[in-house]
Amino acid sequence: MPDPYILLKDEPGKRVLLLGNEAIARGILESGIGVVTTYPGTPASEIGDTISDIAQEAGVYMEYSVNEIVAVEVAGGAAACGVRALSAMKHVGLNVAADALMTLAYTGVRGGLVVVAADDPECYSSQNEQDSRLYALLSNLPCLEPSNPQEAKEMVAYAVEISEKLELPVILRTTTRVSHTRAPVTFGKLSKPRLKGEFIRDVKRFVMVPANARPRHDVLLEQMEKTKEITENSPYNTIKPKGEDKEYGIISSSAAYNYAVEAAELLGLNIDVLKLGMTHPLPEKLIGKFLKEHSKAIVVEELEPYLELHVRAIAKDYAPLTEVYGKRYFPRSGELSTSLVLKGLAAITGREMSIDFEGLNRRYGEASEGIPPRPPILCAGCPHRASFYVIKKVAGERAIYPTDIGCYALGIAPPLKVGDILVCMGAGIGTAQGITKATGTDTIAIIGDSTFFHAGVPRLLNAVYNKHKIVVAVLDNLTTAMTGHQPHPGTGMTGMQTPTEPIAIEKVAEGCGVKFVRVVDPFNVGEAEKALKEALRFPETSLIVFRAPCALLLVREKRRKGLEIVPFQVNEKCTNCMACIKLLGCPAIILKEDKTVAINENLCVGCGLCAYVCPYKAIEPLKRA
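Read on for a plain summary of the structure.

Before going further, it helps to examine the overall build of the protein. When you go through the protein residue by residue, the secondary structure sums to 22 helices and 22 strands. Projected onto the principal axes, the alpha-carbon positions of the protein cover approximately 80 × 65 × 55 Å. Looking at the protein as a whole, 55% of its 625 residues are labelled buried. The long-range share in the protein, meaning contacts at least 24 apart out of those at least 6 apart in sequence, stands at 78%. Carbon and sulfur atoms make up 54% of the accessible area of the protein, which totals about 27,100 Å².

Core analysis: the biggest nonpolar cluster contains 68 residues, and Ile28, Ile51, Leu86 and Leu144 have the highest contact counts within it. With sequence-adjacent residues up to four places away left out, Ile51 is seen in contact with Ala25, Ile28, Leu29, Val36, Val60 and Met62. In this structure, Ala386, Phe388, Ala395 and Cys610 belong to the second largest nonpolar core, which totals 47 residues.

For helix 16 (residues 427-439), with 13 residues, the first-to-last C-alpha span of 18 Å sits near the 18 Å given by 1.5 Å per residue. For helix 16, the complete set of buried residues consists of Ala427, Gly428, Ile429, Ala432, Gln433, Ile435 and Thr436. Of the surrounding elements, those touching the buried residues of helix 16 are strand 15 (444-448), helix 17 (449-465) and strand 16 (471-476). Looking one or two residues beyond helix 16, the residue adopting positive phi is Gly440, at roughly 70°.

Attention now moves to the sheet that holds strand 4 (residues 85-90). What the seven strands build is an open sheet, ordered 3-2-4-5-7-6-12; its pairing is mixed. Only two strands of the sheet have a single neighbouring strand rather than two, namely strand 3 (61-64) and strand 12 (278-280). Relative to strand 3, helix 2 (residues 45-58) is tilted by about 130°, and along the sheet it contacts strand 2 (35-38), strand 3, strand 4 and strand 5 (113-119).

What follows deals with the packing of aromatic side chains. Aromatic rings considered in pairs are described by the distance between their centres and by the relative angle of their planes. On inspection of all chains with the given rule, the structure shows six aromatic pairs. The cationic tip of Arg26 hangs over the ring face of Phe187; the distance from NZ or CZ to the ring centre is 3.8 Å.

In this section: unusual backbone geometry. Only a minority of non-glycine residues have a phi that is not negative, and only a minority of peptide bonds are not trans. Residue Pro281 is reached from His280 by a cis peptide bond, and omega for that bond is -10°. Mapping Pro281 onto the fold places it in the loop between strand 12 and helix 11 (284-292). Of note, the bond from Pro414 into Pro415 is cis; its omega dihedral lies within 30 degrees of zero at 0°. Secondary-structure assignment places Pro415 in the loop between helix 15 (383-395) and helix 16. One non-glycine residue, Cys123, lies in positive phi territory at about 50°. Here Asn576, not a glycine, exhibits a phi torsion of approximately 65°, which is positive. Take Asn576: its relative accessible area is 28%, and that puts it in the partly exposed class.

As a further point, take the side chain of Thr175. Its location among the elements puts Thr175 in strand 7 (residues 170-175). Take Thr175: its relative accessible area is 1%, and that puts it in the buried class. What Thr175 contacts, discounting residues up to four positions off in sequence, is Asp119, Pro121, Ser254, Ala255 and Glu302.

Quick look at a nonpolar patch on the surface now. Among the surface-exposed residues, Val203, Val207 and Val209 lie close enough to one another that they form a single nonpolar patch of about 220 Å² accessible area. Mapped onto the elements, Val203 comes out in helix 8 (residues 203-206).

With that out of the way, let us pick up the state of the cysteines. The tally for this structure, following the rule as stated, stands at zero disulfides. Between Cys123, a cysteine without a disulfide, and Cys424, which holds the nearest cysteine sulfur, the sulfur-to-sulfur distance is 14 Å.

The strand order 15-16-18-17 describes an open sheet built from four strands, whose pairing is parallel. With partners counted over all chains shown, the strands left at the sheet margins are strand 15 and strand 17 (516-520), one partner each. Neighbour-to-neighbour, the strand axes of this sheet turn through a mean angle of 20°, independent of strand direction. In terms of strand pairing, strand 16 meets strand 18 (residues 542-547) through six bridges, oriented parallel. Looking across to strand 18, one finds that Val474 is bridged to Val545. On top of the sheet, helix 17 reaches strand 15, strand 16 and strand 18; it is set at about 135° to strand 15, its chief contact.

So, about the environment of Arg363. Looking at the secondary structure, you find Arg363 in helix 14 (residues 357-367). Note on Arg363: relative accessible area 47%, which makes it partly exposed. Taking the C-alpha atoms as reference points, Arg363 and Ala399, 36 residues apart in sequence, are found 45 Å from one another.

Running from N to C, helix 4 (residues 91-107) and helix 9 (residues 210-232) cross one another at 80°; their axes reach a closest spacing of 7 Å. Taken together, the axes of helix 4 and helix 9 are roughly perpendicular relative to one another. Residues Ala105, Tyr106 and Thr107 of helix 4 touch helix 9, and the partners they reach there are Ala213, Arg216, His217 and Leu220. Split into classes, the residues belonging to the contact of helix 4 with helix 9 amount to four nonpolar, two polar and one charged.

As enumerated under the stated definition, the model contains 31 salt bridges in all. When salt bridges that share partners are traced, they join Asp119, Asp131, Arg133, Glu145, Arg173 and Glu301 into one network.

Conventions and cut-offs
- Note that residues are indexed from 1 along each chain, following the sequence as it is written.
- Predicted model: local features are reported for residues with pLDDT of at least 70 only, side-chain atom pairs are reported and counted for 80 or more only, and whole-chain, interface and lining totals are derived from all residues.
- Just so you know, side-chain values use all the structure's heavy atoms and leave hydrogens and water out.
- A run of H or I in DSSP becomes a helix once it reaches four residues, and a run of E becomes a strand once it reaches two; helices and strands are each numbered from the N terminus.
- Burial classification: accessible surface area is computed with a 1.4 Å probe over protein chains only, and a residue below 20% of its type maximum counts as buried, one above 50% as exposed, and the rest as partly exposed.
- We call two residues in contact when some of their heavy atoms are within 4.5 Å.
- Throughout, the Shrake-Rupley method with a 1.4 Å probe supplies accessible areas, and for residues the shown protein chains are the sole cover considered.
- The term nonpolar core refers to a set of buried residues drawn from Ala, Val, Leu, Ile, Met, Phe, Trp, Tyr and Cys, joined through side-chain atoms within 4.5 Å.
- By definition here, a helix of n residues has an expected span of 1.5 Å times n minus one.
- Criterion used throughout: strands pair if DSSP finds at least two bridges between them.
- Axis angles are defined between N-to-C directions and span 0 to 180 degrees, where every axis is a line fitted to C-alpha atoms and, for a helix, only to the segment in contact.
- Here a pair means two rings of Phe, Tyr or Trp (six-membered ring of Trp) with centres within 6.5 Å. Their orientation is stacked below 30 degrees between planes, edge-to-face above 60, and tilted elsewhere.
- Distance and angle both matter: a charge sits over a ring if NZ of Lys or CZ of Arg is within 6 Å of the ring centre and within 35 degrees of the ring normal.
- Note that patches include only residues with greater than 30% relative accessible area and no salt bridge, and the join distances are 9 Å for like charges and 5 Å for nonpolar side chains (Val, Leu, Ile, Met, Phe, Trp, Tyr).
- Here, a salt bridge means any Lys or Arg side-chain nitrogen found within 4 Å of an Asp or Glu carboxyl oxygen.
- Any two cysteine sulfur atoms lying within 2.5 Å of each other are counted as a disulfide.
- Roughly parallel means an angle under 35 degrees; roughly antiparallel, over 145; roughly perpendicular, 65 to 115; everything else is oblique.
- For this classification, the nonpolar set comprises Ala, Val, Leu, Ile, Met, Phe, Trp, Tyr, Cys and Pro, the charged set comprises Asp, Glu, Lys and Arg, and every other residue, Gly included, is treated as polar.

Such coordinate-based values are descriptive only and should not be taken to indicate function.
Right, dumping it as structure tokens:
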């Protein structure tokens, strides 16, 4: 969507091509939601980014919270005052927010509260695959699952409606293929957001000490009983009849529904499909009726057998003779596809596949043999590359490098090879402490600026308090780079795109009690090396901020100001020793067909790191004629 202001047009019936996340943003505007909070994380990032672009004009308050639990708490606080709110995050962000969400289920809300959890089957940009539907089961909260951008937009309003009817938060679970699919979306009418609320004191409801929590648990269970009637009559839980063949029926939800319908058509199966858009609680009577009408039910879903387990339980009461097929025929890990579902359906029904997918895959493999691999890599001129060069030069193989979530996770790739364990946001500092205690080895914990604010501070406090001798290397590129350059507390900008006081990482570290704190420019290699050597000798916790702006932001700013970007070039002194390639792995440094080193001036941003590492002074700024 080139212009987010399209979402501000109050033109019911207008059709616009939108990402699923952009459709959710439009749903926010149509639902009268007044408060939007997020911590950026793919595949959810565009929800907050889109609202941030238009928040002031839309009259919505939007913030990039310091992490996901704070985001849910801010949204929950607003909803407790009767203001409609939405908090968006990726699936692992829901882990961070879970502590607050579990108890918000007990206190409930007065204004609608929607929590968007974007799952990432296939781990396209995540450290794990997890199924957020299980959080709905764990928290006993309603859960909705759109299968396309249109439903994603509509379900925001539907979630608000359910939330206010039951006074409960509602989980809206998307997946990468819903969040990042682009499709025509029909606009509804905009609703004016209400930002002014009132907090009415109710200690027994909102103060969750044990004496109050026990009766509130019973209230939650009572409200979820009412939800069963809602889900039975939900317009998003529907049977789509295909024909008279009642032997087989398909039960599916989310993006998997699209694969299931397409695969069934390709296989010539003229059968009914039960599409589930509200998946907690499930419509037991509707599913029971569907099972009674079919002797064999095929459950098609991504990741965990969530639907399958419930369908099997329902079948025992409603249709004990109906056979249920599920994860035995469809993978439990990774993303589904039409071909995978087609194979599963063919194996279950005994039908022959009309498409030779194995042959297609073989021919694709043959055709792609000559295509060079394109693994994720740090951008040309990325300051993290300079930081890793310094770290590896000083500490080498003797140190252990716990790393973290962000661009700097790409430091694990050759030739840098900095990164030995990666668990979750902030865990680089935490695991470093255990590794040092267990091994006595020099340990350098790698963490980014946004991640430091998100989850690094408690771990740093723990290190100082328990006197762990670790070095914390904060790679500060002055933005949340990997997810799209969103602001964070160190940038001096809010989600409303208004200036604020930037919070200095070094001041936070000093406030945590770190006695050795240094700030260095990683491109000033000599200064950075000296600081790191001192940090490694320091007997307690030490912290170095490697600070230089993200190369993409630097280039963008120079172009905006009309400043020239001077790339580097290889001169006649080059001996083809390839030190620049072996030490840095910069994508701007290439090997030509004659196996000589060259620099692609279209990629080079003139950081000069390659010139520093060249032992023959064979790299210099480009001299234009």
